[in-house]
Amino acid sequence: MTNLATFARENGIKYFMISYTDLFGSQRTKLVPTSAIGDMQKDGAGFAGFATWFDLTPAHPDMLAMPDPSAVIQLPWKKEVAWVAASCMMEGTDLAQAPRNVLQKLVKEAADMGLTVKTGIEPEFHLLNPDGTTIADTADTATKPCYDQLAIMRRYDMISEICDYMAELGWEPYQNDHEDANGQFEMNWIYDDALLTADRHSFFKFMVHTMAEKYGLRATFMPKPIMGLTGNGCHAHISVWDTKTGDNAFADDDKELGLSERGRHFLGGIMKHASALAFITNPTVNSYKRINAPRTASGATWAPNSVTWTGNNRTHMVRVPGPGRFELRLPDGAVNPYLLQAVIIAAGLSGLKSKADPGPRSDIDMYAEACDVKDAPKLPLNLLDAIRTYDADKELKAAMGEEFSAAYMKLKTNEWNSYCSHLSQWERDNTLNI
């Protein structure tokens, strides 16, 4: 185990950010001087948990964020500060509703089955002006802006700085591009164990927001920040590895699309629980403006609305782009980094245990021919549908943890009720004169 005090001495660290992620994906931190980090590593940093997005009250005891020394990251842009992911405890036990704890429990469950889940993610974000009202780059106006060479080079300073930092941290970044919406970008690094990917995902969002502010911009991972343009997805590439042999348990060249029997069962679990897991992968009111959207000006939504899978075809919820892995295209930019990985594992292990069949694949163009698909389940139309669908999926709720599920559903129901009580401009425009 890394001793954080030793890490501080060896790397010139003056302060540690002890950071945890709450149920709504908000990152919370305490800035701890190095002189106190030894005690913090032993006893944790104290927080009033109710003051963040947890189902807690002021009467609950202190919540302690226990820093995970294996997850420490020295800020490349401020070397005297280190960020360290933390897991939450209360009165000597893990806080069951805390997202990192939910993921760690499921990682252990997979390990007990002799499996390691590895994932890579594709986080998309928009760069807006500081008040968040418009795309920051006024020259970024192409009807088909995907991979726009001039547009990405106008953001070269910021994108290259972030990419250089990822390389410095050992993440092995391999590509960056301008995405399908005006003002939208994606940055990719190599896949790894699910917990490590979640920690890096969490740090990446913090880094992007920070760098955007440095350049006088505002970054948003909001699923659909601008109507008519492609939304921000967070596609996940998933493979499972045998811990004894080190082999890819999903790979079998003799099977359809190179996906092994275990790979098909894992995929079967994803398909079985897809409509319910959308509550986790698409967690906000705004999420459902992305996955149920009409085609954008560029010609595609880049997001599913039905539970279907395919080969190398981007119009379905799941695609198998090559042997030994598959891509889940459902998650969006608002997804909680830890809950994304957790629900993938929960659904996949469910499929392995029940030997779930994903059903036949479909190779049609879902943007043009979706009406021909008669028996595929639909994804939720809104957050309330998602809450109810998740609540009805007893198996997935239990796999994610009953305490977590109850807390998450309670807070998200409150969010839905708050949204419904809001008077929108659309209502004024369309019903004021009735």
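To keep things clear, this report deals only with the structure shown in the data block. As the structure is a prediction and not an experimental result, all values here were calculated from the model.

The rules we used
Residues numbered from 1 in each chain as written. Predicted model: local features only at pLDDT ≥ 70, side-chain atom pairs only at ≥ 80, totals over all residues. Heavy atoms only, no water. Helix = DSSP H or I, 4+ residues; strand = E, 2+ residues; numbered from the N terminus. Rg over C-alpha atoms; globule rule 2.2 N^0.38 Å. Buried < 20%, exposed > 50% of the residue type's maximum accessible area, 1.4 Å probe, protein only. Contact = heavy atoms within 4.5 Å. Lys, Arg positive; Asp, Glu negative; His and termini not counted. Charge placed at Lys NZ, Arg CZ, Asp CG, Glu CD. Salt bridge = Lys/Arg side-chain N within 4 Å of Asp/Glu carboxyl O. Expected span 1.5 Å × (residues − 1). Bend = angle between axes of the 7 residues up to and from the residue. Polar contact = N/O pair within 3.5 Å; in protein donor to acceptor, adjacent residues only side chain to side chain. 1 Å grid on protein atoms, 1.4 Å probe; cavity = no way out; pocket = protein on both sides within 12 Å on 5 of 7 lines; lining within 4 Å. Points joined across faces, edges and corners; volume = space filled by probe spheres on them. Nonpolar A, V, L, I, M, F, W, Y, C, P; charged D, E, K, R; others polar. Pairing = 2+ DSSP bridges. Axes fitted to C-alpha atoms, helices over the stretch in contact; angles between N-to-C directions. Parallel < 35°, antiparallel > 145°, perpendicular 65-115°, else oblique. Left-handed = near helix turned anticlockwise from the far one by under 90°. Core = buried A, V, L, I, M, F, W, Y, C linked by side-chain atoms within 4.5 Å. Phe/Tyr/Trp six-rings, centres within 6.5 Å; stacked < 30°, edge-to-face > 60°. Lys NZ or Arg CZ within 6 Å of the ring centre and 35° of its normal.

Moving on, we come to the overall build of the chain. Within the chain one finds 13 helices and 15 strands. In terms of overall size, the chain behaves like a compact globule, its C-alpha atoms giving a radius of gyration of 22 Å where 434 residues would be expected to give roughly 22 Å. Per-residue burial for the chain yields a buried fraction of 56% across its 434 residues. Taking all contacts inside the chain whose residues are at least 6 apart in sequence as the whole, residues at least 24 apart take part in 71%. Within the chain, one finds 42 positive and 55 negative side-chain charges whose respective centroids are separated by 2 Å.

Bringing the pattern of salt bridges into the picture now. In the structure shown here, the tally under the stated rule is 22 salt bridges. A salt bridge links Lys397 to Asp391, with the nearest nitrogen and oxygen atoms 2.7 Å apart. Using a relative accessible area of 8% as the deciding quantity, one classes Lys397 as buried. If you follow the salt bridges from partner to partner, you end up with Glu256, Arg264, Asp357, Arg361 and Asp363 in one network.

Turning to the side chain of His178, a few remarks are in order. Assignment of secondary structure puts His178 in strand E8 (residues 173-178). Look past the residues within four positions of His178 in its chain and what remains in contact with it is Asp140, Pro145, Cys146, Tyr147, Asp148, Ala151, Ile152, Gly183, Gln184 and Phe185.

Counted at 1.5 Å a residue, the expected span for helix H7 (residues 261-281) with its 21 residues is 30 Å, but the 25 Å between its end C-alpha atoms falls short. The sharpest bend along H7 reaches about 80 degrees and sits at Ala274. Buried residues dominate H7, accounting for 18 of its 21 residues.

As a further point, take helix H12 (residues 402-420). A rise of 1.5 Å per residue sets the reference length of H12, with its 19 residues, at 27 Å; its end C-alpha atoms lie 27 Å apart and thus fit the reference within 8%. Taken together, the buried positions of H12 are Phe404, Ser405, Ala407, Tyr408, Met409, Leu411, Lys412 and Trp416. If you follow the buried residues of H12, they end up packed against helix H3 (99-112), H7, helix H8 (337-354), helix H10 (383-392) and helix H11 (394-400).

On to the side chain of Asn336. Summarising the element assignment, Asn336 is placed in the loop between strand E15 (325-328) and H8. A polar side-chain atom of Asn336 sits 3.0 Å from the main-chain amide nitrogen of Tyr338. Leave out the neighbours within four places in its chain, and Asn336 touches Thr21, Asp22, Leu23, Phe24, Gly25 and Pro99.

In this model, the largest pocket occupies a volume close to 540 Å³. If you go around the largest pocket, you meet 28 residues; those closest to its centre are Lys205, His209, Phe221, Gly333 and Ala334. With 5 residues, helix H6 (residues 194-214) is the largest single contributor of residues to the lining of the largest pocket. Of the residues belonging to the lining of the largest pocket, the class tally is 13 nonpolar, 10 polar and 5 charged.

In this section: the pairing of E8. Two strands pair when backbone bridges link them, and E8 and strand E9 (residues 184-189) are joined in this way by 5 bridges, in the antiparallel orientation. By the bridge assignment for E9, Asp177 is matched with Glu186.

Right, let's talk about the packing of H3 against H8 for a bit. Between H3 and H8, the least distance of the axes is 8 Å, while the angle of their chain directions is 30 degrees. As far as their axial angle goes, H8 and H3 are roughly parallel. Crossing geometry of H3 relative to H8 is assigned as left-handed. Contacts between H3 and H8 pair Pro99, Arg100, Val102, Leu103, Leu106, Val107, Glu109 and Ala110 from the former with Tyr338, Leu339, Gln341, Ala342, Ile345, Ala346, Leu349 and Lys353 from the latter. Looking at the contact of H3 with H8 residue by residue, the classes come out as 12 nonpolar, 1 polar and 3 charged.

As a further point, take the nonpolar core. Ranked by size, the top nonpolar core spans 118 residues in total, and within it Phe125, Phe204, Phe266, Ile270, Met317 and Met400 carry the most contacts. Here this core gets 11 residues from one element, more than from any other, and that element is H8.

Inspection of the entire model under this criterion finds 22 aromatic pairs. Geometrically, the ring pair formed by Phe204 and Phe221 is edge-to-face, given 6.3 Å between the ring centres and 75 degrees between the ring planes. Taken together, the residues Phe204 in helix H6 and Phe221 in the loop between strand E11 (218-220) and strand E12 (234-242) connect sequence positions 17 residues apart. The pair formed by Phe204 and Phe221 is uniform in burial state, with each residue classed as buried. Through successive ring pairs, a cluster of aromatic residues spans Trp77, Trp83, Phe125, Tyr165, Trp171, Phe185, Trp189, Phe203, Phe204, Phe206 and Phe221. In this structure, Lys412 packs its charged tip against the face of Phe24, placed 4.2 Å from the ring centre.

Everything listed is a geometric property; what it means functionally is a separate question.
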